[in-house]
Structure formats: structure tokens, C-alpha cells
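Each chain, written out:
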2 protein chains.
Amino acid sequence: MAGIDNKAKMSIFHVILTGGVGSRLWPLSRKSRPKQYLNLFADFSLFELAVKRNQRFANKLIVVGNKDNHHLSEESLRKLGVEDNLNIIEATPRNTAPAIAFAAFAADPEDILIVTPADHIIKEGAAYDKAINRAIELASDDAIVTFGVKPTKPETGYGYIEHDLENVISFREKPNRETALEFLNSKKFLWNSGMFCFKAGVFLEEMQKYVPEVFQKSQEAWKKAQNAELEFESSMEIPSISVDYAVMEKSDKIKVVAADFEWSDMGSFEAVYDYLRDQDYPIDQNGNIVIGSQKFTKFIGVENCIFVATNDANLILKRESSQDVKNIYQELENQKSNLID
Amino acid sequence: MAGIDNKAKMSIFHVILTGGVGSRLWPLSRKSRPKQYLNLFADFSLFELAVKRNQRFANKLIVVGNKDNHHLSEESLRKLGVEDNLNIIEATPRNTAPAIAFAAFAADPEDILIVTPADHIIKEGAAYDKAINRAIELASDDAIVTFGVKPTKPETGYGYIEHDLENVISFREKPNRETALEFLNSKKFLWNSGMFCFKAGVFLEEMQKYVPEVFQKSQEAWKKAQNAELEFESSMEIPSISVDYAVMEKSDKIKVVAADFEWSDMGSFEAVYDYLRDQDYPIDQNGNIVIGSQKFTKFIGVENCIFVATNDANLILKRESSQDVKNIYQELENQKSNLID
């Protein structure tokens, strides 16, 4: 690995954050089967693909999961033959800053962490390798690295990073269509991928500096963890806060690696649709697709529709309305329906 | 039965025409299961409902079917306990004029035939009884009676009959929306229901007068029939022509009974949709409905859609595009697909 050969003592950890359910992918995604564990698009789940993708960069894997999904992660890791990983089991969701802090506490200060979500899809290849290797180089020099993906369309579903080469100028929330188009045309913006790379010690120092309470409560909870399984009461003391807000938007050690790999957060059926459309996935002349059914299906008089079939629920969705799926999920949750279990 | 008590020698036959497949109701409707034999909307099929509806007006039932569906009719009739019916089995479809002629040949000239399609839905009740009884009265006086249904909306899927009381002024093809609205507002038009009533002898005389070749070839084919089963070669000699074109639009014995019963030809999913909407059928706030699946189904971002589920095929259809279903059927037929069998 270029740039790290002279740092023999240093370990590189892949930290995989595997939290949510993916309610915007209901009915595919369920509480018992969050989207990152589904074999939706390949022989491997998104979780498995994320593990495999980073195996050759990292010496060890840390999975930050929770009590509801850690058996799914373990099942996947057995399938992949991964044995010496550390499973951190959260007692309650506290967002990404505490989750990453737990991984950093588990590592030595000089260890480099490559932090990735479990539920994104990324095309492996030279562009990915180049981005990771460059991030490791920067992290070795005590930078906190975020990965920005070069935008290919005026996407309104992602946050953006304004940058000048490897320097971050600003983080931007999800834009409206017009702003997204400006961002795209200016070529000064990258999609915020939610992937990071830094030394464990550097991250914790910055966290202590900018969000001391989050740091302290996370540390206290970590000390009470048994076999990396967090305890509920001390976990509830930790403010729930994202790593972007806690550290990335504040630290002056931040760097961005502008990556050129194909990437999607698969955060909604629109993202899934766009991904599938770019593959050899069947799509009719009016842009309609079927997910989850092998049954002969015809669409008449509708366009850009997604028909999602599962054993106990169907969804017929206009692509542009993909964000509204979470409302259905919410409604079912309020009704305590077993259709989300 | 009012008006016929003084005609003791006369029999009344219900002639049920059970031809087509109902390709515009694919995938519900198949070659092996034409729509009139499906229990779509009740405990009985449309065929069975048509038989039941007319039992108390008629002394006997004549079913004009074909070699592909007569076993389905017989099955239905066993279910209803009907035993002494006559099954006429056509060798090849020749449209409605020859089909009715066969039934008329099977009857005595003075017998009154109530001719109905097998695949319409009609609300039974006083309005229906009144219409049938009036038609029988008129037919007893040698009229050829057609039933016109009072329109309730500017339907473009039906033919219309312009009338002045019981006199027919003209038959009109399916109108465009604008014309349909004119027809509706003028109150001078009725929907052409495809139901008729006349004496067998009167019908055949008019047929001989206006379409002598059709009459002659039908008669020759009927003479060669064995046990009311038509022979292929002689059947192929008969011109394929509708009863409207052959007799109704030409005869000066024509009368129309303006009927006030709820009626639908169930000719397309739009008609099915409208029928179901007027029942207590589940429909979401955007006018979407599910047919054929008990599975929990949600629609997002689409309106007036019909999701039709069967064991081997699904259809997702915008209500307004219902007429296009026949194109899918045609396409599958061209491909010799077993999805229409």
C-alpha cells in the first residue's frame, strides 16, 4: 500500500457502521432484514460487499451494529470467512459520532480507521483504490479525511461538500433542484459520501475539542461495555449527534479526497432505480421496472414506476415519489403492523 | 308474466351468447377461462348470473358457445342445477348474427327468444323485470326488440341508440367524448346493450330479407350440425357479421325498450373499475384499486391505477388506458405465449 510502508506499527481498521433499517426501501427492507443484509443486487448483500471491498486495505474489521442486527452481520461474516473481527453492539441508536467514537476507543491512537456505511453501493476498481490509498496517506499525516464523490447529475438526495482540491470549503445540506444544478455545473462540489478516514487518536482529540460532552459520555459508556456490548443506561446519556455535525464541519484537520468511483447511497427507491437503470436491469420502454418478482408484469399508461413485490406486501411507486415511502413505513409502525417486522 | 298469459302455445327461450375471451380483461381473462366464467365479483360468474337472472322469464335455456368453452358452461349449469338446456356448439366464431340464427333454427317460429350476452353485469330488480316483460309484450306482437340502457355518464366505450319512446331513430357507433356528452345531455340516446327479444320466426324472416346469404349459409350449416354441434367447413362458409349490422339497423320491425337498470358490459378494466367503485370495493384516496390479490398493497405517486394480480402475470394499468390491454393480449398471442392460455 503506497505511502504507509514506513509505518510498520500502524494498523488499518475497516469500521463498518451498520445501523438503520432503510425504511425508505420498505417493503423490501424490514426491521428483521435491513436493506444492508438483503441480496438485492448481487450474490452478496450491501454489507458483505462493503466488507469485501475494504478487506485488502485493512488489517482488521470493526462492525458497529446493534442488538437487533448483530446476528445478521455475524452470519454474513461467517459466509465471507471473516473470523477475527470485533463486533461493537450498541444498546440504542446515538447517531454516527458516538458509533465512530466506540470504534476509535477500541483501537490504538495511531491506528487508522476507514469508516464506511454498510448500505452503500460502490463500484470497485482503480478509482476506489486510488481514493482509499490517498486517504490513508493523508490520515497518516494526521488529517481527518472525508470522501467526496464527483457528482454525475443534479442529485437533491445527497449532501454536498464544497472544495478546492483537497481542502474543504463548506458542507452543504441536501439542495433543491436549482441549487443542485448550480453545484453540478460549478464543478466545485462533491457528494458527501459518509465515508471517512483518520487516526483513532486524532478523531477522538477533535471530538473532545469540539463536542466534549459527547466525547465524555461516549467514553463513559464504552468503559461500561462488556465484550464491546454497550449498556443501555449509559448509552442513553450520550447526545445523539452525527459525525458531520460533531467533527467534520468543525475540525481544521479536515481534508477531502475527491473520488471518481460510481457510488450510490441506495437511500431510496429512486437511488435503487437509477442504479439498476445503469446496469443491464430490465426496464420497459416507459421506464417502468419490477423489483422482487419474476412474474411476467406489464405496465400500461404509467411511466417511471417501480413495482416492488414481496411475500406479504406490494408497493406500486412513482419514481419521483420515492421519499414518501418512509411515510408508509411510519404509518405501519404507528399501527404496530407486522408488515415492517 | 304480464302480456303473455293468452299465448299458451308460445315458449320463451333465454338464448345466452357466450363467445369471446374478454382479451381486454387479461390477465384475469384467459382462453381457458374467459371472463364470463370467472367468479370475479360475486359467488357466481357473469355467465351464471346471466342464467339466473333470466330463469323466471324463460321456459328453457339455449347456450350458444363453442368447442373451447362449452365444458365451462356445462360446469356452471350443473352448479345451478339447470338440466334441460340446449347447448349449441359453434365450430368457429361467425359473430352474433349466425349465432342467434342457430338458436332461432332450434326453436319454433312462434317461440320468443330473449337474447343476452354472457359477460355483462346487470342489477336485478323491478327495472329489469319491467324491461323484459315489456319486451316480451312487444315481441308477441312481432316486433324485434332491442334493449337500450339509460346513460348515466358520457361513456365512449358503448354504442348508442337514438330513440323516440319505443321507436328507434338511429344506431350510433362508439362516440368521442364530446359527442357522448351531447348524447347524454340530449336525453334522446340510450346505450346499446346487446340484448334483444323477438320471435324466432320473425328474426329469421328479417334475416332472410336483409342478409339472404348469411341466412342461407347459416341454415345450411345448421342442417349439417350433429346434436347442435356445428361442423367446421360449412360454418366457414357463413359470412361473419353482427346482428346489429345484419338485422337491427335494417329491419322496420325494430323497437327499443328504454331500460333503467344498472348495467355494464364489463368490456374493459375501466368498466370493471367503475363498477367496483360504485360498490363497497376498497379504493385508496387516489383512486387506486387492487384486483386479484389479498396482499397488502400500497400505491405512492400514482392515481386511478388498477393493479391486477394473477398466479403467473401482473398488470399495472392506468384506468384511462384500459383499452390498450388488448394490445398486450395481441402481442402475447403473436408470440404464442402460454400467458393467455
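Rules of the game
- Residues numbered from 1 in each chain as written.
- Chains lettered and ligands numbered in written order.
- Predicted model: local features only at pLDDT ≥ 70, side-chain atom pairs only at ≥ 80, totals over all residues.
- Heavy atoms only, no water.
- Helix = DSSP H or I, 4+ residues; strand = E, 2+ residues; numbered from the N terminus.
- Rg over C-alpha atoms; globule rule 2.2 N^0.38 Å.
- Buried < 20%, exposed > 50% of the residue type's maximum accessible area, 1.4 Å probe, protein only.
- Contact = heavy atoms within 4.5 Å.
- Areas by Shrake-Rupley, 256 points an atom, 1.4 Å probe, with all protein chains shown as cover.
- Lys, Arg positive; Asp, Glu negative; His and termini not counted.
- Charge placed at Lys NZ, Arg CZ, Asp CG, Glu CD.
- Pairing = 2+ DSSP bridges.
- Axes fitted to C-alpha atoms, helices over the stretch in contact; angles between N-to-C directions.
- Parallel < 35°, antiparallel > 145°, perpendicular 65-115°, else oblique.
- Left-handed = near helix turned anticlockwise from the far one by under 90°.
- Nonpolar A, V, L, I, M, F, W, Y, C, P; charged D, E, K, R; others polar.
- Polar contact = N/O pair within 3.5 Å; in protein donor to acceptor, adjacent residues only side chain to side chain.
- Buried area = accessible area lost by both parts, 1.4 Å probe.
- Salt bridge = Lys/Arg side-chain N within 4 Å of Asp/Glu carboxyl O.
- pLDDT = per-residue confidence, 0-100.
- Least-squares fit on C-alpha atoms with pLDDT ≥ 70 in both.
- Phe/Tyr/Trp six-rings, centres within 6.5 Å; stacked < 30°, edge-to-face > 60°.
- Lys NZ or Arg CZ within 6 Å of the ring centre and 35° of its normal.

Draft legend 1. The arrangement of the overall build of chain A in detail. The secondary structure content of chain A amounts to eleven helices and 15 strands. Against the 2.2 N^0.38 benchmark of 20 Å for 341 residues, chain A shows a C-alpha radius of gyration of 20 Å, consistent with a compact globule. Counting only C-alpha atoms, chain A reaches 60 × 45 × 35 Å along its principal axes. Looking at the 341 residues of chain A, the share that counts as buried comes to 56%. For chain A, the share of sequence-separated contacts (at least 6 apart) that also reach a separation of at least 24 residues comes to 72%. Of the roughly 15300 Å² of accessible surface on chain A, 45% is carried by carbon and sulfur atoms. One finds the centroid of the 40 positive side-chain charges in chain A at a distance of 2 Å from the centroid of its 51 negative side-chain charges.

Draft legend 2. Spatial organisation of the sheet that holds strand S13 (residues 296-300) of chain A. Strand order in the open sheet made by the four strands is S13(A)-S15(B)-S14(B)-S12(B), with mixed pairing throughout. Across the chains shown, the open sheet's two edge strands, defined by having one partner strand only, are S13 of chain A together with strand S12 (289-291) of chain B. Averaged over all adjacent pairs, the angle separating strand axes in this sheet is 15°, with direction ignored. Taken together, the five bridges between strand S14 (residues 305-309) of chain B and strand S15 (residues 313-318) of chain B define a ladder with antiparallel strand orientation. Its bridge partner being in S15 of chain B, Val308 of chain B is matched across the sheet by Leu315 of chain B. The sheet contacts of helix H10 (residues 269-278) of chain B involve S12, S14 and S15 of chain B, and relative to S12 of chain B the element is tilted by about 110°. Each of S13 of chain A together with S15 of chain B is contacted by helix H11 (residues 325-334) of chain B, which is oriented at about 145° to S13 of chain A, the strand it contacts most.

Draft legend 3. Looking closely at the packing of helix H3 (residues 96-106) of chain A against helix H7 (residues 212-224) of chain A. All names here are of chain A. Across the interface, H3 lies against H7 with an axial gap of 10 Å and an inter-helix angle of 55°. Relative to H7, the element H3 lies oblique. Relative to H7, H3 is oriented so that their crossing is right-handed. Here Pro98, Ala101, Phe102, Phe105 and Ala106 of H3 lie close against H7, whose contacting residues are Val214, Phe215, Ser218, Gln219, Ala221 and Trp222. Counted by class, the contact of H3 with H7 contains nine nonpolar, two polar and no charged residues.

Draft legend 4. A look at unusual backbone geometry. Note the cis peptide between Trp26 of chain A and Pro27 of chain A, where omega equals 5°. Structurally, Pro27 of chain A can be placed in the loop between strand S1 (12-17) and helix H1 (46-54). Despite not being glycine, Asn95 of chain A shows a phi value in the positive range, around 70°. Counting through the fold element by element, Asn95 of chain A comes out in the loop between strand S3 (86-90) and H3. Under the relative-accessibility criterion, Asn95 of chain A is labelled partly exposed at 37%. Within the chain, Met266 of chain B stands out as a residue other than glycine whose phi angle is a positive 50°. Along the chain, Met266 of chain B falls in the loop between strand S11 (263-264) and H10.

Draft legend 5. Main features of the environment of Ser140 of chain B. Residues and elements named next belong to chain B. For Ser140, the location among the structural elements is in helix H4 (residues 126-140). Measuring from C-alpha to C-alpha, the distance between Ser140 and Ser29 comes to 38 Å, with 111 residues separating the pair along the chain. Engagement of the side chain of Ser140 in a polar contact is seen with the backbone oxygen of Ile136, the distance being 2.7 Å.

Draft legend 6. Main features of the interface of chain B and chain A. Contacts between the two partners involve 28 residues from chain B, matched on the other side by 28 residues from chain A. Summed over both partners, the interface of chain B with chain A buries about 2300 Å², with 67% contributed by carbon and sulfur atoms. Considering only the surface of chain B that becomes buried against chain A, Phe296, Ile300 and Ile316 of chain B emerge as the three largest contributors, covering 33% of it. At the surface where chain B touches chain A, the tally comes to two salt bridges. Ionic pairing is found between Glu331 of chain B and Lys298 of chain A, a salt bridge with its closest N-O pair at 3.4 Å.

Draft legend 7. The confidence of the model for chain A, seen in detail. Residue and element names in this part refer to chain A. Predicted confidence across chain A gives a mean pLDDT of 93, with 97% of residues reaching 70 or more. Within the model, pLDDT remains below 50 along residues 1-8, and this stretch shows twelve contacts once partners closer than five positions in the same chain are excluded. Scoring of the predicted complex yields 0.84 for pTM and 0.84 for ipTM.

Draft legend 8. Quick peek at the relation of the copies chain B and chain A. Least-squares fitting of chain B to chain A yields an RMSD of 0.1 Å, with the transformation described by 0.0 Å of translation along the axis and a rotation of 179°. Taken together, the turn and the small shift mark the pair as related by a two-fold rotation axis. When the interface residues of chain B are mapped onto chain A, 100% of them again fall at the interface, so both copies present the same face.

Draft legend 9. Examining the packing of helix H1 (residues 46-54) of chain B against helix H2 (residues 70-80) of chain B more closely. All names here are of chain B. H2 packs onto H1 with a crossing angle of 50° between their chain directions and a minimal axis gap of 10 Å. It follows that H1 is oblique to H2 by the angle criterion. Note that H1 runs across H2; the crossing there is right-handed. Mapping the contact onto sequence places Phe47, Glu48, Val51 and Lys52 in H1 and Ser73, Ser76, Leu77, Lys79 and Leu80 in H2. Grouping the constituent residues of the contact of H1 with H2 by class yields four nonpolar, two polar and three charged.

Draft legend 10. Fine view of helix H3 (residues 96-106) of chain B. In terms of residue burial, H3 of chain B counts as a mostly covered element, since nine of its eleven residues are buried. Restricting attention to buried positions, one finds in H3 of chain B the residues Ala97, Pro98, Ala99, Ile100, Ala101, Phe102, Ala103, Ala104 and Phe105 of chain B.

Draft legend 11. Quick look at the sheet that holds strand S15 (residues 313-318) of chain A. Read from one edge of the open sheet, four strands run S12(A)-S14(A)-S15(A)-S13(B), paired in mixed fashion. Strand pairing shows two members of the sheet lacking a second neighbour, strand S12 (289-291) of chain A together with strand S13 (296-300) of chain B, which therefore form its edges. Between one strand axis and the next, the sheet turns through 15° on average, direction left out of account. As defined by bridge partners, S15 of chain A adjoins S13 of chain B across five bridges and the pair is classed as parallel. Its bridge partner being in S13 of chain B, Asn314 of chain A is matched across the sheet by Thr297 of chain B. The strands that helix H10 (residues 269-278) of chain A touches are S12, strand S14 (305-309) and S15 of chain A; relative to S12 of chain A, the one it contacts most, it runs at about 110°. The strands that helix H11 (residues 325-334) of chain A touches are S15 of chain A together with S13 of chain B; relative to S13 of chain B, the one it contacts most, it runs at about 145°.

Draft legend 12. Geometry of the packing of aromatic side chains. This model, assessed by the stated rule, comprises 25 aromatic pairs over all chains. Plain terms: the ring middles of Phe307 of chain A and Phe307 of chain B are 5.1 Å apart, the flat faces sit at 45° to each other, and that makes the pair tilted. Of this pair, Phe307 of chain A sits in strand S14 while Phe307 of chain B is found in strand S14, placing the two residues in two different chains. There is no split in this pair, since Phe307 of chain A and Phe307 of chain B are both buried. Here the aromatic rings of Phe105 of chain B and Phe215 of chain B are separated by 5.8 Å at their centres, their planes lie at 55°, and the arrangement is tilted. Of the two residues, Phe105 of chain B sits in helix H3 while Phe215 of chain B sits in helix H7 (residues 212-224), which places them 110 residues apart along the sequence. Summarising the burial analysis for this pair, Phe105 of chain B and Phe215 of chain B share the class buried. In textbook terms, an aromatic cluster arises when at least three aromatic residues are bridged by ring pairs, as seen for Phe57, Tyr128 and Phe261 of chain A. Positioned over the ring face of Tyr128 of chain A is Arg53 of chain A, at 5.9 Å from the centre of the ring.

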